[in-house]
Amino acid sequence: YGSFNQKDLDLVLTSGVRHGLSTVFGAGVADGNDFRNAPDGFQNPSKDLAFFSKTIKNYNTSTFELGMYYARGAGFRAQVIPVVANPLITITGQPGSLQYSQPTSGYFSSLPYASYEKYDSNADGLIYARERVMLDPTFSLENLTWFNHIARTHYRQNDIFQIGPQQYEFNHPHTDTVGEKLLLSKRLQMNTLTFGGYYLHAFYNTRNNFYNPADGGAQNTVNIGGKIRSGDFTQDDFALFAQDEFRLGTRFSLIPGLRYVGFSTGY
């Protein structure tokens, strides 16, 4: 527990090792207020959570691992504050009301909830599987496969400085990425030969909509005078490599290698 009503709770659980199987799980939650407060008492609260889990199974000299991670943070986002007073910028948007600035409304002030209300969130989820296999006493294989999803939202309803067809905002881009990495290593009498590569494919959508229900708009409906954005990005990356580590006594080694990398981006 801390300043601005910040509260945090977390835990970690471990299973120990049972028949070569072990698991760990962790989680945490938190919430609190911003250090900036509005004249109506609104404190721009935020909250977040995260959890992860990993399980490993040992088979003599080989292992299989499965894991996941998820985190999300969300909160009300205070509007920027002018450092100099301006009679056209007030906390209600009406002439004659309290001017919104550091010297007039306060250095740590923000707009009232009825004047500006924007809620942002970010979330990230990852799952993966990894195998480490000894094919024989000198030959090993390692494989990693994973999937990642990222989502963001900007949701604005009240904005006294953006009255009209763009008063509301619904911004919800997301990214999906899948990846694969493979390594093979062969230990010889005087050297160790390693080769492998990776590949990943990502898709990113940039959808955003500025609208106003009074003009017929909605989260997924465009209205006249509103601005929208909807773009799709795709990205592919891959690499192949080979290297040979020569051991020169106990203190030195020489590692010549070759690597090829390719990528492409589409929009």
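Okay, so let's go over this structure. (Residues numbered from 1 in each chain as written. Predicted model: local features only at pLDDT ≥ 70, side-chain atom pairs only at ≥ 80, totals over all residues. Heavy atoms only, no water.)

### A closer look at a nonpolar patch on the surface
On the surface, Phe4, Phe35, Tyr107 and Phe108 cluster together into a nonpolar patch covering about 480 Å² of accessible area. Note that Phe108 resides in the loop between strand 4 (62-76) and strand 5 (116-136). (Patch = residues over 30% accessible without salt bridge, like charges linked within 9 Å, V, L, I, M, F, W, Y side chains within 5 Å. Areas by Shrake-Rupley, 256 points an atom, 1.4 Å probe, with all protein chains shown as cover. Salt bridge = Lys/Arg side-chain N within 4 Å of Asp/Glu carboxyl O. Helix = DSSP H or I, 4+ residues; strand = E, 2+ residues; numbered from the N terminus.)

### Points about the nonpolar core
Within the largest apolar cluster, five residues are counted, these being Ile81, Ile91, Tyr100, Leu111 and Tyr116. Residues contacting Leu111, with those up to four places away along its chain left out, are Ala38, Gln79, Thr90, Ile91, Tyr100, Tyr116 and Phe161. (Core = buried A, V, L, I, M, F, W, Y, C linked by side-chain atoms within 4.5 Å. Buried < 20%, exposed > 50% of the residue type's maximum accessible area, 1.4 Å probe, protein only. Contact = heavy atoms within 4.5 Å.)

### Details of the environment of Thr206
Inspection of the secondary structure assignment puts Thr206 in the loop between strand 9 (191-205) and strand 10 (208-211). Taking the relative accessible area as the measure of exposure, Thr206 reaches 7% and is therefore buried. Taking the C-alpha atoms as reference points, Thr206 and Arg36, 170 residues apart in sequence, are found 30 Å from one another. In this view, Thr206 contacts Pro173, Arg229, Ser230, Gly231 and Phe233; residues no more than four positions away in its chain are not counted.

### Topic: the packing of aromatic side chains
Under the criterion given, the structure shown has twelve aromatic pairs. Seen in terms of ring centroids, Phe51 and Tyr70 are 5.6 Å apart; in terms of plane orientation they differ by 35°. Their pairing is tilted. Here Phe51 is found in strand 3 (residues 46-59), whereas its partner Tyr70 is found in strand 4, with 19 residues between them in sequence. Taking relative accessible area as the criterion, Phe51 reaches 28% and is therefore assigned partly exposed. You can call Tyr70 partly exposed: its relative accessible area is 26%. Between Tyr155 and Phe170, the aromatic rings sit 6.1 Å apart at their centres with planes inclined by 90°, giving edge-to-face as the arrangement. Residue Tyr155 is located in strand 6 (residues 139-159), and its partner Phe170 is located in strand 7 (residues 168-171); the two are separated by 15 residues in the primary sequence. (Phe/Tyr/Trp six-rings, centres within 6.5 Å; stacked < 30°, edge-to-face > 60°.)

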